[in-house]
Amino acid sequence: MIIRLAHAALCALCLLATPIAATAQTDARTMEDVVELELIEGWRRADGTHMAGLLVRLAPGWKTYWRSPGEAGIPPRLQLRDRRGLLGAALHWPVPEVFQSNGMQSIGYSSDVVFPLEVALAEGHGALRLAGQFDIGVCHDICMPVTLDFSGTLPAGGRPDPRVAAALADRPLTASEAGAGTVTCALTPISDGLRVEARIPVSAQGRSEAVVFELPDPAIWVSEATVTRQGSTLMASADIVPPDAGPFALDRSSLRITVIGGRGAVEIIGCRG
């Protein structure tokens, strides 16, 4: 089912920083042509979970964001309206691109993208009505948050959808799959938090490699990482600042490190001291 844009509001951030006059080219009358959302209703798997998908269609030249969008990006947010019959739901993220504009980095997708949606059911059989909204950011000459509504029925059976299957396959490699070595992290106190400096033994992922550090708590701010490569090792450094901007303890095992390059990505969970 295809759902048109439900709401759009102009964001204060203009990632591409073109002249303000560009906003006149995109108004409320044309935003319906910028982005569409389709719920791919998917199929029931042998383990009783259901694999669906959210297909975001973008007009040419527009971009949307990855789960960690960069300092100037807009993080996606999935909200389900009715959780009856659900134990949980999780999005999967295809390998994103890294964009640079005016000295700022953002991470996302420059064309249509499918986000696989894995649904755990309270009962492992029977059709299920699913409805919710997907809050994302889209960017061209201007950047704005948009809210996309979706609804549909997840069938008790169904067949694997090739679009969802392809998006599942287009994921970062694990550390083991990529042949990465043991990652070590040095932590240094700074005035408002910690600085993490990681040594990441991993093969090159293509040109313009970026490293993203993430923590389970989204309230903890993590800066864009500075990255250099020394042969088979990436060196990456970022600042981590908690909400109270004070000292805190970092559990190294909870740190998610994603290396993104022009040829792919590698996701590593945890590092050693």
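Worth saying up front: this structure is predicted, and the values here are computed from it rather than measured.

Asker: Provide a residue-level description of the overall build of the protein chain, including the pertinent values.
Answerer: For the protein chain, the helix and strand inventory stands at 2 helices and 21 strands. When the accessible surface of the protein chain is summed, it comes to about 13,200 Å², and 53% of that surface belongs to carbon and sulfur atoms.

Asker: Summarise the state of the cysteines; cite the residues concerned and give the values.
Answerer: Across all of its chains, the model carries 2 disulfides by this definition. Residue Cys-139 pairs covalently with Cys-143 via a disulfide, S to S 1.9 Å. Accessibility expressed as a relative area gives 4% for Cys-139, which makes it buried. For Cys-143, a relative accessible area of 2% puts it in the buried group. The disulfide that involves Cys-185 links it to Cys-271, with 2.2 Å between the sulfurs. With the S-S bond torsion at -120°, the cross-link from Cys-185 to Cys-271 turns out left-handed. In this pair, Cys-185 sits in strand β14 (residues 184-190) while Cys-271 sits in the segment after β21 (264-269), placing the two residues 86 residues apart along the sequence. Taken individually, Cys-185 and Cys-271 each receive the classification buried, so the pair is uniform in this respect. Here the protein chain pairs its bonded cysteines, counted in sequence order, in the arrangement 1-2, 3-4.

Asker: Provide a residue-level description of unusual backbone geometry, including the pertinent values.
Answerer: Non-glycine residue Ser-208 carries a positive phi angle of around 55°. Among the secondary structure elements, Ser-208 is positioned in the loop between β15 (193-201) and β16 (210-214). At Ala-245, a residue that is not glycine, the phi angle is positive and equals roughly 50°. When you line up the elements, Ala-245 lands in the loop between β19 (233-241) and β20 (256-261). Residue class for Ala-245 comes out partly exposed when judged on its relative accessible area of 39%.

Asker: Give a description of the pattern of salt bridges that names residues and reports values.
Answerer: By the definition in use, this model includes 13 salt bridges. In this structure, the salt-bridge partner of Arg-195 is Asp-239, at a minimum N-O distance of 2.6 Å. Separated by 44 residues along the polypeptide, Arg-195 in strand β15 and Asp-239 in strand β19 bring together distant segments of the chain. A network of salt bridges, in which partner residues are shared, links Glu-38, Arg-57, Asp-161 and Arg-163.

Asker: Can you explain the pairing of β21? Please cite residues and give values.
Answerer: Strand direction decides the pairing type here: strand β13 (residues 173-174) and β21, joined by 2 bridges, are parallel. The partner of Thr-174 across the bridge, within β21, is Glu-267. Relative to β21, β20 runs antiparallel, the two sharing 6 bridges. Of the residues in β21, the one forming a bridge with Ile-260 is Ala-265.

Asker: Run through the sheet that holds β21, naming residues and quoting values.
Answerer: Neighbouring strands of a sheet are bound in pairs by backbone hydrogen bonds; such pairs are parallel or else antiparallel. Here we have 4 strands laid out as an open sheet, ordered β13-β21-β20-β16, and mixed in their pairing. The strands lining the two open edges of the sheet, one partner per strand, are β13 and β16.

Asker: With reference to specific residues and values, describe the nonpolar core.
Answerer: Grouped together as the largest cluster of nonpolar side chains are 37 residues, with contacts concentrated most on Val-35, Val-56, Trp-62, Phe-115, Phe-134, Ile-136 and Val-138. Elements supplying a minimum of two residues to this core: β3 (35-44), β4 (50-58), β7 (86-91), β9 (104-109), β10 (113-121), β11 (128-139) and β12 (143-154).

Asker: How would you sum up the packing of aromatic side chains? Please name residues and give values.
Answerer: Two aromatic rings are characterised by how far apart their centres lie and by the angle between their planes. Under the definition given, this model contains 3 aromatic pairs. Where Trp-93 meets Phe-115, the ring centres are 5.2 Å apart and the plane angle is 70°; that geometry is what we call edge-to-face. Of this pair, Trp-93 sits in the loop between β7 and β8 (97-101) while Phe-115 sits in strand β10, placing them 22 residues apart in sequence. Note on accessibility: Trp-93 and Phe-115 belong to one class, buried.

Asker: Residue-level account of the environment of Arg-159, with values.
Answerer: Topologically, Arg-159 is positioned in the loop between β12 and α1 (162-169). Here Arg-159 falls in the exposed class, since its relative accessible area comes to 73%. Sequence separation between Arg-159 and Trp-43 is 116 residues; the distance between their C-alpha atoms is 5.2 Å. Residues within four places of Arg-159 in sequence aside, it is in contact with Gly-42 and Trp-43.

Asker: Help me get a handle on the confidence of the model for the protein chain, residues and values and all.
Answerer: On average, residues of the protein chain carry a pLDDT of 88, and 88% of them reach 70 or more. In this model, residues 1-29 is a region of pLDDT below 50 whose contacts with residues beyond four sequence positions or in other chains number 65 contacts.

Asker: Residue-level account of the pairing of β4, with values.
Answerer: Along β4, 8 of the 9 residues are buried, which leaves the element largely enclosed by surrounding structure. Of the strand pairs in this sheet, β3 and β4 are connected by 8 bridges, and their pairing is antiparallel. Opposite Arg-44, over in β4, you have His-50 as the bridge partner. The sheet contact formed by β4 and β10 spans 7 bridges and is antiparallel.

Rules used in this analysis
Residues numbered from 1 in each chain as written. Predicted model: local features only at pLDDT ≥ 70, side-chain atom pairs only at ≥ 80, totals over all residues. Heavy atoms only, no water. Helix = DSSP H or I, 4+ residues; strand = E, 2+ residues; numbered from the N terminus. Areas by Shrake-Rupley, 256 points an atom, 1.4 Å probe, with all protein chains shown as cover. Disulfide = S-S within 2.5 Å. Buried < 20%, exposed > 50% of the residue type's maximum accessible area, 1.4 Å probe, protein only. Salt bridge = Lys/Arg side-chain N within 4 Å of Asp/Glu carboxyl O. Pairing = 2+ DSSP bridges. Core = buried A, V, L, I, M, F, W, Y, C linked by side-chain atoms within 4.5 Å. Phe/Tyr/Trp six-rings, centres within 6.5 Å; stacked < 30°, edge-to-face > 60°. Contact = heavy atoms within 4.5 Å. pLDDT = per-residue confidence, 0-100.

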